[in-house]
Amino acid sequence: QVQLVESGGGLVQAGDSLRLSCAASGHTFSRYAMGWFRQAPGKEREFVAAISWSGKSTLYADSVKGRFTISRDNTKNTVYLQMNSLKPEDTAVYSCARDIDSSISSNYYDYNYWGQGTQVTVSS
């Protein structure tokens, strides 16, 4: 049974940093690309970042490029999202997801397992 558990969210001020973690279990983690998505109240789910199975390829939404960094540790079955220079518009529930295969994608329908999400709130 595939499980994804996020942690690391919280309430921070604009300009601060947070590091989200997503611990995976129940599958061969290193075979799959992973992604982070977010959803703010009243808004559609939005792609944030993705990383290939090896970690050598990454993809970012324009809104976070240069501020967020996705990484993974296949020995720990964990994917991370380092978020720097946070803005109030980054406030959302952040969820990690497992891709259907090893190739990275920004499309939510290419992901078939999702975590429960962790709240990130950035105050101005």
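So, a few notes on the structure that sits alongside this text. Predicted model only: the values in this text are computed from it and were never measured.

Here the focus is the overall build of the protein. Across its full length, the protein carries 0 helices and 11 strands. The globule rule puts the C-alpha radius of gyration for 124 residues at 14 Å, and the 13 Å found for the protein is close to it. If you sum the accessible surface of the protein, you get close to 6,400 Å²; carbon and sulfur atoms cover 44% of it. Distance from the positive charge centre (12 side chains) to the negative charge centre (11 side chains) of the protein: 5 Å.

Before going further, it helps to examine the pattern of salt bridges. Taken as a whole and judged by the stated rule, the model has 4 salt bridges. The shortest N-O distance in the salt bridge between Asp90 and Arg67 comes to 2.7 Å. Here Arg67 lies in the loop between strand 6 (58-60) and strand 7 (68-73) and Asp90 lies in the loop between strand 8 (78-83) and strand 9 (92-99), a separation of 23 residues in the sequence. The buried category is assigned to Asp90, whose relative accessible area is 1%. Via salt bridges that share partners, Arg38, Glu46, Arg67 and Asp90 belong to a single interconnected network.

Moving on to the nonpolar core. Membership of the largest hydrophobic core comes to 32 residues, with the highest contact counts inside it found for Trp36, Val79, Leu81, Met83 and Tyr94. Looking at this core, the elements with two or more residues in it are strand 3 (18-25), strand 4 (34-39), strand 5 (46-51), strand 7, strand 8, strand 9 and strand 11 (118-123). Per-element accounting of this core gives the leading share, 5 residues, to strand 5. In contact with Tyr94, not counting residues within four places along its chain, are Glu6, Leu20, Trp36, Phe37, Arg38, Val48, Phe68, Leu81, Met83, Gly117, Thr118 and Val120.

Read across the open sheet, the 4 strands follow the order 1-3-8-7; overall the sheet is antiparallel. Edge positions in the open sheet fall to strand 1 (3-7) and strand 7, since each of these has one partner strand only. Within this sheet the neighbouring strands show an average axis-to-axis angle of 15°, counted without direction. Pairing between strand 7 and strand 8: 6 bridges, direction antiparallel. Across the sheet, residue Phe68 finds its bridge partner in strand 8, namely Met83.

Another point: the state of the cysteines. The tally for this structure, following the rule as stated, stands at 1 disulfide. Note that Cys22 is cross-linked by a disulfide to Cys96, the S-S spacing being 1.9 Å. Where Cys22 bonds to Cys96 through sulfur, the torsion about that S-S bond is close to 45°, and the disulfide is right-handed. Taken as a pair, Cys22 in strand 3 and Cys96 in strand 9 lie far apart in primary sequence, 74 residues in all. Look at Cys96 and you get buried, because its relative accessible area is 0%.

Even without glycine at this site, Asn77 takes up a positive phi of about 50°. Position of Asn77 relative to the elements: it lies in the loop between strand 7 and strand 8. Look at Ser85: it is not a glycine, yet its phi comes out positive at around 50°. Among the structural elements, Ser85 can be located in the loop between strand 8 and strand 9.

Reading the values: rules and limits
Residues numbered from 1 in each chain as written. Predicted model: local features only at pLDDT ≥ 70, side-chain atom pairs only at ≥ 80, totals over all residues. Heavy atoms only, no water. Helix = DSSP H or I, 4+ residues; strand = E, 2+ residues; numbered from the N terminus. Rg over C-alpha atoms; globule rule 2.2 N^0.38 Å. Areas by Shrake-Rupley, 256 points an atom, 1.4 Å probe, with all protein chains shown as cover. Lys, Arg positive; Asp, Glu negative; His and termini not counted. Charge placed at Lys NZ, Arg CZ, Asp CG, Glu CD. Salt bridge = Lys/Arg side-chain N within 4 Å of Asp/Glu carboxyl O. Buried < 20%, exposed > 50% of the residue type's maximum accessible area, 1.4 Å probe, protein only. Core = buried A, V, L, I, M, F, W, Y, C linked by side-chain atoms within 4.5 Å. Contact = heavy atoms within 4.5 Å. Pairing = 2+ DSSP bridges. Axes fitted to C-alpha atoms, helices over the stretch in contact; angles between N-to-C directions. Disulfide = S-S within 2.5 Å.

Purely spatial values, then, with no claim about function.
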